[in-house]
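Each chain, written out:
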Amino acid sequence: MRIELEKRARASVFFTFASPMLALVLTLLFGGIMFKLMGKDPYFALYSFFIDPLTQVWSLHELAIKAAPLILIGVGLSICYRSNNWNIGAEGQFIVGALVGSYIPVIFYEWHSPLLLPLMLVLGAVGGALYAAIPALLKTRFNTNEILSSLMLVYIAQLLLDYLTRGPWRDPQGFNFPQTREFVEEAVLPAIWPDSGRAHWGFVIAILVAILVWFMVRFTMKGFEVSVLGQSARAGRFAGFSSKGMVWFSMMFSGGLAGLAGISEVSGSIGHLQPSISPGYGFTAIIVAFLGRLSPLGIIASGLVLALTYLGGEGAQLSIGVSDKVTRVFQGLLLFFVLSCDTLIYYKIRIVWTKARSALGGGTP
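Residues numbered from 1 in each chain as written. Predicted model: local features only at pLDDT ≥ 70, side-chain atom pairs only at ≥ 80, totals over all residues. Heavy atoms only, no water.

Further remarks concern the packing of helix H6 (residues 116-142) against helix H11 (residues 243-270). The interhelical angle for the contact between H6 and H11, taken along N-to-C directions, is 145°, at an axis separation of 6 Å. With respect to the hand of their crossing, H6 and H11 are arranged in right-handed fashion. Here the contact of H6 with H11 is composed, by residue class, of 17 nonpolar, eight polar and two charged. (Axes fitted to C-alpha atoms, helices over the stretch in contact; angles between N-to-C directions. Helix = DSSP H or I, 4+ residues; strand = E, 2+ residues; numbered from the N terminus. Left-handed = near helix turned anticlockwise from the far one by under 90°. Nonpolar A, V, L, I, M, F, W, Y, C, P; charged D, E, K, R; others polar.)

In structure tokens form, the structure reads like this:
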């Protein structure tokens, strides 16, 4: 007996759109079972995780802060995945974007200018794009698998950040703490509503970028090229599109948005560089992209949902006494059910019964 997947002649339109909600419901159901097995009240635990963070104004600000990088990175990854290029190293591009964008306020810390913040954002995007160009070069020139090369580059970026913040870029007046100098006021993304919380303009930038990318995908020739090459490289070549050119465009585009997310996070939320600047936004954004159906507008909603798992996980550690690893479990469950639901929408399971081979003659009985 063996189990095979057989492609359906026609996918259900209803379940195609309902799949993310079904995946979310299944995640909540199995999350409740997990809390029950841990000896926790599942209703109170799920309330603490997903409802309580939405009941106070300051926590809504924190939700926007955590959603901004997820939306930016997820939108960039959606272009990659639509074009059938698999960038798994957005976490590294996020870090390099933060490093490159922070160069001026760290090295030239006495410079005060209105141009400082825009220049930081541009440098952050450029840094992330150039770092993503490495796996693009390896794929187009040496046919290297971009999944492996982009993923391995994450560890290089993490170690580089650790080295700089503990070594050359460490604040000489920081009492030996592993962090850089605090950014000057002109290098900090301002708060949107400073009287009610910390949410900064990085969230607005993320929403605007998502809308612009949606317009590009929906109404421009470049968006059409992304879709055609993603569905069939052969058809794209007949249309005059370049597969190698799309590798460069999609990887650098996603890397640029990841780098922009990195410098926005450092400038808006932290105010300096330190050995850890991300709880794994680059990897979580993969879930965001698929939960949002690779649609930039859908990614806005899915980014808020995944940001809620981070915020709820922090609150649940105090309210019900669970580990921070529970957040990762919820994110993993969500990705599993999203992919499982999509698989069952486009494929049906077929059980094939095979006859056992004769132990003596090697034939079939």
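Past the structure itself, the notes keep going.
It is worth spelling out unusual backbone geometry at this point. The phi torsion at Asn143 lies on the positive side, around 60°, for a residue other than glycine. The residue Asn143 is located in the loop between H6 and helix H7 (146-166) in this model. Despite not being glycine, Leu294 has its phi angle at roughly 60°, a positive value. By the secondary structure assignment, Leu294 is in the loop between helix H12 (281-291) and helix H13 (296-319). Residue Leu294 is classed as buried on the basis of its relative accessible area of 16%. (Buried < 20%, exposed > 50% of the residue type's maximum accessible area, 1.4 Å probe, protein only.)

As a further point, take the pairing of strand S1 (residues 2-7). Across the six residues of S1, zero count as buried, placing the element largely on the outside. Relative to strand S2 (residues 347-352), S1 is paired through six bridges, and the arrangement is antiparallel. Paired with Arg2 across the bridge in S2 is Val352. (Pairing = 2+ DSSP bridges.)

With that settled, consider the pattern of salt bridges. When their charged atoms lie close together, side chains carrying opposite charge are able to pair. A full pass over the atoms with the stated rule returns nine salt bridges. Between Lys139 and Glu146 there is a salt bridge, with its nearest N and O atoms 3.2 Å apart. Residue Glu146 is classed as buried on the basis of its relative accessible area of 7%. Measuring nitrogen to oxygen at the nearest pair gives 2.9 Å for the salt bridge that ties Asp162 to Arg166. Placement of the pair is Asp162 and Arg166 together in helix H7, with a separation of four residues, close to one helical turn. Relative accessible area serves as the criterion here: at 26%, Asp162 is assigned to the partly exposed category. (Salt bridge = Lys/Arg side-chain N within 4 Å of Asp/Glu carboxyl O.)

A few words on the nonpolar core. Counting residues in hydrophobic clusters, the biggest one holds 88 residues, and the most contacted among them are Phe35, Ile71, Ile73, Leu77, Tyr81 and Phe330. Per element, the largest residue contribution to this core is 12 residues, and it comes from helix H3 (residues 57-82). Beyond its immediate stretch of four places on either side in the chain, Phe35 contacts Lys40, Pro42, Ala45, Leu46, Phe49, Ile320, Val322, Val326 and Phe330. (Core = buried A, V, L, I, M, F, W, Y, C linked by side-chain atoms within 4.5 Å. Contact = heavy atoms within 4.5 Å.)

On to the domain arrangement of the chain. You can read the domains of the chain as domain 1 (1-40 + 324-352) and domain 2 (63-321). On a C-alpha basis, the centroid separation for the pair domain 1 and domain 2 is 27 Å. Listed as interface residues are 15 residues of domain 1 and, on the opposing side, 15 residues of domain 2. Both sides of the domain 1 and domain 2 interface together cover about 1,300 Å² of buried area, and 64% of this is carbon and sulfur. Counting the contacts that link domain 1 with domain 2 gives one salt bridge. Notably, a salt bridge pairs Arg293 with Asp342, separated by 2.6 Å at the nearest N-O pair. Where domain 1 meets domain 2, there are six residue pairs in polar contact (both at pLDDT 80 or more). Secondary structure elements with two or more residues in the side of domain 1 that touches domain 2: helix H1 (13-37) and helix H14 (325-346). (Domains from an automatic or database assignment. Buried area = accessible area lost by both parts, 1.4 Å probe. Polar contact = N/O pair within 3.5 Å; in protein donor to acceptor, adjacent residues only side chain to side chain.)

What follows concerns helix H8 (residues 201-219). Here H8 spans 27 Å end to end across 19 residues, near enough to the 27 Å set by a 1.5 Å rise per residue. Residues of H8 that are buried: Gly202, Ala206, Val209, Ala210, Val213, Met216 and Val217. End-on view of H8: buried residues confined to an arc of 125°, all on one side of the axis. More than 90 degrees from the buried face of H8, the exposed residues found are Leu212 and Arg218. If you follow the buried residues of H8, they end up packed against H3, helix H9 (221-231), H11 and H13. (Expected span 1.5 Å × (residues − 1). Arc of directions from axis to C-beta.)

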